[in-house]
Amino acid sequence: MRSSNQMWGGRFSAGPDAIMEAINASIGFDKRLAAQDIAGSRAHAAMLAATGIVSDSDAKAIREGLLTVLSEIEAGEFAFSTALEDIHMNVEARLKDIIGDPAGRLHTGRSRNDQVATDFRLWVRDQLDMAEAALVRLLQACLAQAEAGADWVMPGFTHLQTAQPVTWGHHMMAYVEMFGRDLSRVRDARARMNECPLGAAALAGTGFPIDRHMTARDLGFDRPMSNSLDAVSARDFALEFLSVASISAMHLSRLAEELVIWSSAQFRFVTLSDRFSTGSSIMPQKKNPDAAELIRAKIGRIFGANVALMMVMKGLPLAYSKDMQEDKEQVFDASDNWLLALAAMEGMVRDMTANVPVLEAAAASGFSTATDLADWLVRETGLPFREAHHVTGALVALAEEKGCDLPDLSLEEMQAVHADMTDDVFDVLGVHNSVASRTSLGGTAPVRVREQIARWKEVLG
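It should be emphasised that the depicted structure is a prediction, and the values quoted were computed from it without experimental measurement.

Visitor: I'd like a rundown of the pattern of salt bridges, residues and numbers included.
Guide: Inspection of the entire model under this criterion finds 25 salt bridges. Close ionic contact of Asp 86 with Arg 112 constitutes a salt bridge, the shortest N to O distance being 2.6 Å. Pair noted here: Asp 86 is in the loop between α4 (56-74) and α5 (87-99) and Arg 112 is in helix α6 (residues 112-148), with a separation of 26 residues, a long-range link. Between Asp 129 and Arg 190 there is a salt bridge; the shortest N-O distance is 2.6 Å. With Asp 129 in helix α6 and Arg 190 in helix α7 (residues 168-193), this pair connects stretches of sequence that are 61 residues apart. Classification of Asp 129 by relative accessible area gives partly exposed; the value is 30%.

Visitor: Can you break down a nonpolar patch on the surface residue by residue, with the values?
Guide: Nonpolar side chains collect at one region of the surface, where Phe 303, Val 307, Met 310 and Met 311 lie side by side and expose about 370 Å² of accessible area between them. As for its position among the elements, Phe 303 is in helix α11 (residues 290-313).

Visitor: Give me the lowdown on a negative patch on the surface, citing residues and values where you can.
Guide: A contiguous patch of negative charge on the surface is contributed by Glu 380, Glu 412, Asp 423, Asp 424 and Asp 427. Here Asp 423 falls in the exposed class, since its relative accessible area comes to 52%.

Visitor: Summarise the nonpolar core; cite the residues concerned and give the values.
Guide: One finds Trp 338 and Met 345 to be the most contacted residues of the largest nonpolar core, which totals 92 residues. Counting residues per element, this core draws most heavily on helix α10 (residues 236-262), which supplies 15 residues. Once residues within four sequence positions are removed from consideration, Trp 338 is found in contact with Ala 131, Leu 135, Val 186, Phe 241, Val 244, Ala 245, Ser 248, Ala 249, Leu 252 and Ile 302. Grouped together as the second largest cluster of nonpolar side chains are 21 residues, Ala 374, Leu 383, Leu 409 and Met 421 included.

Visitor: How would you explain the environment of Leu 429 if you had to name every residue and give the values?
Guide: Tracing the chain through its elements places Leu 429 in the loop between α17 (425-428) and α18 (431-437). Its relative accessible area of 4% is what places Leu 429 among the buried residues. It is 9.7 Å that separates the C-alpha atoms of Leu 429 and Trp 376, two residues lying 53 residues apart in sequence. Contacts of Leu 429, omitting those with residues within four sequence positions, involve Thr 369, Leu 373, Leu 406, Pro 407 and Met 414.

Visitor: Describe the packing of α10 against helix α12 (residues 328-351), naming the residues involved and giving the relevant values.
Guide: Axis separation between α10 and α12 bottoms out at 10 Å; the angle between their running directions is 35°. The two elements α10 and α12 meet at a crossing, and its hand is left-handed. Contacts between α10 and α12 involve Ala 238, Phe 241, Leu 242, Val 244, Ala 245, Ser 248, Ala 249, Leu 252, Leu 255, Ala 256 and Leu 259 from the first element and Gln 330, Val 331, Ala 334, Ser 335, Trp 338, Ala 341, Leu 342, Met 345, Met 348 and Val 349 from the second.

Visitor: Before we move on, could you go through α10 and cite the residues and values that matter?
Guide: For α10, spanning 27 residues, the distance from its first C-alpha to its last is 39 Å, which sits close to the expected 39 Å at 1.5 Å a residue. Burial within α10 is extensive, with 20 of its 27 residues counted as buried.

Visitor: Describe the pairing of strand β2 (residues 161-167), and please don't skip the residues or the numbers.
Guide: The two faces of the sheet receive side chains in turn, since in a regular strand these alternate between them. Bridge analysis of strand β1 (residues 153-158) against β2 gives 6 bridges, and the strand direction is antiparallel. Bridging across to β2, Gly 156 finds its partner in Gln 164. Linking β1 back to β2 in an antiparallel pair, the connection comprises 2 residues, with His 159 at a positive phi of about 60°.

Visitor: Describe in detail the environment of Leu 229, supporting the description with residues and values.
Guide: By the secondary structure assignment, Leu 229 is in helix α9 (residues 228-233). Of the residues examined, Leu 229 reaches a relative accessible area of 32% and is grouped as partly exposed. Setting aside chain neighbours within four positions, we find Leu 229 in contact with Leu 203 and Ala 319.

Visitor: Can you explain the side chain of Ser 335? Please cite residues and give values.
Guide: If you trace the backbone, Ser 335 turns up in helix α12. Every residue in contact with Ser 335, bar those within four places of it in the chain, is listed here: Trp 123, Gln 127 and Phe 241.

Analysis parameters
Residues numbered from 1 in each chain as written. Predicted model: local features only at pLDDT ≥ 70, side-chain atom pairs only at ≥ 80, totals over all residues. Heavy atoms only, no water. Salt bridge = Lys/Arg side-chain N within 4 Å of Asp/Glu carboxyl O. Helix = DSSP H or I, 4+ residues; strand = E, 2+ residues; numbered from the N terminus. Buried < 20%, exposed > 50% of the residue type's maximum accessible area, 1.4 Å probe, protein only. Patch = residues over 30% accessible without salt bridge, like charges linked within 9 Å, V, L, I, M, F, W, Y side chains within 5 Å. Areas by Shrake-Rupley, 256 points an atom, 1.4 Å probe, with all protein chains shown as cover. Lys, Arg positive; Asp, Glu negative; His and termini not counted. Charge placed at Lys NZ, Arg CZ, Asp CG, Glu CD. Core = buried A, V, L, I, M, F, W, Y, C linked by side-chain atoms within 4.5 Å. Contact = heavy atoms within 4.5 Å. Axes fitted to C-alpha atoms, helices over the stretch in contact; angles between N-to-C directions. Left-handed = near helix turned anticlockwise from the far one by under 90°. Expected span 1.5 Å × (residues − 1). Pairing = 2+ DSSP bridges.

Treat this as a map of the structure, not an account of what it does.
Encoded structure:
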């Protein structure tokens, strides 16, 4: 056991034992904040010089020394020490090795509390920027599929049962809308969290004449945070990041599930590329959609991180508590998996090939135009919809009994069920006619799909 502790100073006569050191140290994971920590320290040092709190020469030595530390970390040459607890003290200790006494002036007017809050905000902001770019790429991949298949017909499902024909483009545009909302949540979250905690110090601010607007501006924040207690204790920015990631991962999981189903031998709606599939160790015919299955599983880890951090934060009094050291690992893991899932889904969507003849055959099966028939009866014969629904149900039952689909029934057979049927009814029983007729706003008609594709292309630039 060491006789003193360089971080805690004169208050403690003995250092922590091995167990305390192990539970207290965070360097094993918060070293991921190194670039953000050094950026924050360089901005802080520049501000200290500008306000006359430290000399220009000391600030220059600090800022240049920090760049040396960063280069060592990036080159993999930095020796991280568990005894120094965290990334902040590891960097500061190494800085002292490099420049000597001026390093001790860096921590003037700040605390590790506002330092880590700043580092973490910078890191989460970087992740949101990467997520935004990844979502834009995924949206563009979905738009390309939608544009290619704006006229292709396929079955639309409810309860995974054939419901009505839709177009491939319409189906893909549904995911454009979902991922588009994810994109808006990313942008909203970034705007909301872009305030700077630096200068809040431990919890109450500082008596030094610091310029918080300068450090906020230098670090790309919109403004300093307005309350020092809130600045060091708020982690809702991380929770919002996890919430956004959870919703987005859920959308990814839904599309992944459809790709698993669609690529199966029973459906054959799509063929996934070899780049995003694997084989079997024993069954040579297998082509497994493993990337889609793994994306489908990521929601568990990401949503779990959201719940875990919520549990960490839910009972903490103001301001900082050591519990908050547990905020980072969950966010790191969730971000890694969300960004990976976004990239994998983009690749699968870009590479997949729709089996158009199979889609069209499936669109015509399962009495998918029954609703069109009911609507025709309402329009052309004046039947109330409920009665038209009953007549259509009787015709479906007849077709089932004969082992055929609705268009295969003869006019005479239809008239035996309802005398006002005419040859015109066969115009609405074709799947292409069905989708073309759905011209209401947001409908599946190719003309509406192309309008939405054009709108989204303009939105994304």
